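What the coordinates show
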Amino acid sequence: MKGNGNTQLAYRLLLAVDIQGYSKRDTREQLLAQRRLSDALDHAARGVGLDRGRWDKQVGGDGELATLPDGIDPAPVAGDFVIGLAEALREVNRDAGRFRLRVRLSLHHGTLTAGPFGPAGDAPIVVQRLLDAAPLRRLLVDDADRDLAYVVSDSLFEDVVRTGFCALPPRAFQAIKVTAKGAAFRGHILTGRAARRDGRGDTGDPGGERGPDAGPAPGARVLDFPALASR
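Residues numbered from 1 in each chain as written. Predicted model: local features only at pLDDT ≥ 70, side-chain atom pairs only at ≥ 80, totals over all residues. Heavy atoms only, no water.

**Description of the overall build of the protein chain**
What counts here: Each helix corresponds to a stretch of at least 4 residues labelled H or I by DSSP, and each strand to a stretch of at least 2 residues labelled E; elements are numbered beginning at the N terminus. For the exposure calls, accessible area comes from a 1.4 Å probe over protein chains only, and a residue counts as buried if that area is under 20% of its type's maximum, exposed if over 50%, partly exposed in between. Values of accessible area rely on a 1.4 Å probe in the Shrake-Rupley scheme; residue burial ignores everything except the protein chains shown.
Scanning the protein chain for helices and strands turns up six helices and seven strands. The helix and strand sequence of the protein chain, counted from the amino end, reads β-α-β-β-α-β-α-α-β-α-β-β-α. In the protein chain, buried positions account for 48% of the 231 residues. On the protein chain, roughly 11,200 Å² of surface is accessible, and the fraction owed to carbon and sulfur atoms is 47%.

**Focus on the packing of aromatic side chains**
The description of an aromatic ring pair uses the distance of the two centres, along with the angle that the planes make with each other. As a reminder, the rule being used: Each pair of aromatic rings taken from Phe, Tyr and Trp, with Trp reduced to its six-membered ring, is defined by centres within 6.5 Å and is described as stacked if the planes are under 30 degrees apart, edge-to-face if over 60, and tilted in the remaining cases.
Tallying each qualifying case throughout the model produces three aromatic pairs. Ring geometry for tyrosine 150 versus phenylalanine 173: centroids 6.1 Å apart, planes at 65 degrees, classification edge-to-face. Placement of tyrosine 150 in strand E5 (residues 148-153) and of phenylalanine 173 in strand E6 (residues 173-180) is noted, with a sequence separation of 23 residues between them. Neither residue differs from the other here; tyrosine 150 and phenylalanine 173 are each classed as buried.

**Focus: helix H4 (residues 134-142)**
Our working rule: Comment: arc refers to directions from the helix axis out to C-beta atoms. It only takes one pair of heavy atoms within 4.5 Å for two residues to be counted as in contact.
For H4, the full list of buried residues reads Pro135, Leu136, Leu139 and Leu140. In a view along the axis of H4, the buried residues occupy a sector of 145 degrees, so they form one face of it. For H4, the elements touching its buried residues are strand E4 (103-112), helix H3 (122-131), E5, E6 and strand E7 (183-190).

**Some words on the nonpolar core**
Let me state the cut-off plainly: For our purposes a nonpolar core is just a set of buried Ala, Val, Leu, Ile, Met, Phe, Trp, Tyr and Cys residues, chained together by side-chain atoms within 4.5 Å.
Membership of the largest hydrophobic core comes to 45 residues, with the highest contact counts inside it found for Leu68, Phe81, Leu105, Leu107, Tyr150 and Phe173. Elements represented by at least two residues in this core include exactly strand E1 (10-19), helix H1 (27-47), helix H2 (74-92), E4, E5 and helix H5 (154-159). It is H2 that contributes the most residues to this core, 11 residues altogether. Residue contacts for leucine 105: discarding those within four places in its chain leaves Leu15, Ala16, Val17, Phe81, Val82, Leu85, Leu131, Leu136, Leu148, Ala149, Tyr150 and Val151. Val126, Leu140, Val178 and Ile189 belong to the second largest nonpolar core, which has 12 residues in total.

**Quick word on the environment of alanine 194**
Mapped onto the secondary structure, alanine 194 falls in the loop between E7 and helix H6 (225-229). Judged by relative accessible area, which is 8%, alanine 194 ranks as buried. When the C-alpha atoms of alanine 194 and aspartate 147 are compared, they prove to be 10.0 Å apart, with 47 residues separating the residues in sequence. Excluding anything up to four places from it in sequence, alanine 194 contacts Val82, Ile83, Ala86, Arg90 and Leu168.

**Overview of the side chain of glutamate 29**
Looking at the secondary structure, you find glutamate 29 in helix H1. Overall, the relative accessible area of 9% leaves glutamate 29 in the buried class. Beyond its immediate chain neighbours, meaning those up to four positions away, glutamate 29 contacts Arg98 and Phe99.

**Some thoughts on the pairing of strand E3 (residues 63-67)**
What counts is decided by this rule: We treat two strands as partners when DSSP finds at least two bridges between them.
Most of E3 is tucked away, with five of its five residues classed as buried. Here E3 shows no split at all, with Gly63, Leu65 and Thr67 on one side and Glu64 and Ala66 on the other all buried. Looking at chain direction, strand E2 (residues 56-60) and E3 are connected through five bridges and run antiparallel. Paired with lysine 57 across the two strands is alanine 66, which belongs to E3.

**Remarks on the pairing of E5**
Taken across its six residues, E5 has six buried, putting it largely inside the fold. Of the two faces of E5, the one lined by Leu148, Tyr150 and Val152 and the one lined by Ala149, Val151 and Ser153 are each fully buried. Both E4 and E5 contribute to a ladder of five bridges, which runs parallel. Residue pairing across strands places serine 106 opposite valine 151, the latter belonging to E5. Sheet topology note: the E5/E7 ladder contains three bridges and is antiparallel. Bridging from a neighbouring strand, valine 152 pairs with histidine 188 of E7.

**What about the environment of leucine 101?**
Within the secondary structure, leucine 101 is located in the loop between H2 and E4. Placed 47 residues apart in sequence, leucine 101 and leucine 148 show a C-alpha to C-alpha distance of 8.9 Å.

So this is what it looks like as structure tokens:
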């Protein structure tokens, strides 16, 4: 989706990702983190048959906001892509040295239009506000073994995750509500592990790590589904 001077509203899947602790690294370490994250995203995308070269990307030093092409099935992105990214991060961090690569990831689908400085509309705002949500940040702070903190918007959770077509089970998520700049944003944080179902439980957690029936993300304001629906 390129801006060509003609305003056109599109309904797309958006993905935002950010590296934890990026500013604490020196220049060489920042460059290494960028390369490793790009490789991990490429690996995860290929795993669901996607080419990141076709994504519209607004990049920053510590991450990117990506608009995926029209017609992408959101279920594999919301599930298998995330699992593949978690696997890639675990592999990278086997030999991480001083800094492990730990990231936050948010996903949303909604309306936007192309602009000269990147996509404009509600959808880019929602995905960025969820990415910056304090409960998502605290998930990495409070769980030192976690490499990926993942949140989906409320609408994507209802439309995609709860259908059963997503590889991650709905009960592995906890609802949150965050307020930023006077507006409220609702999402669902994956508090279980992003792992394939392999007979060891819905999140592939053999060793007592935080699973799908665990409590809420630390510091999150959790809403049950009836409460969420009534708001």
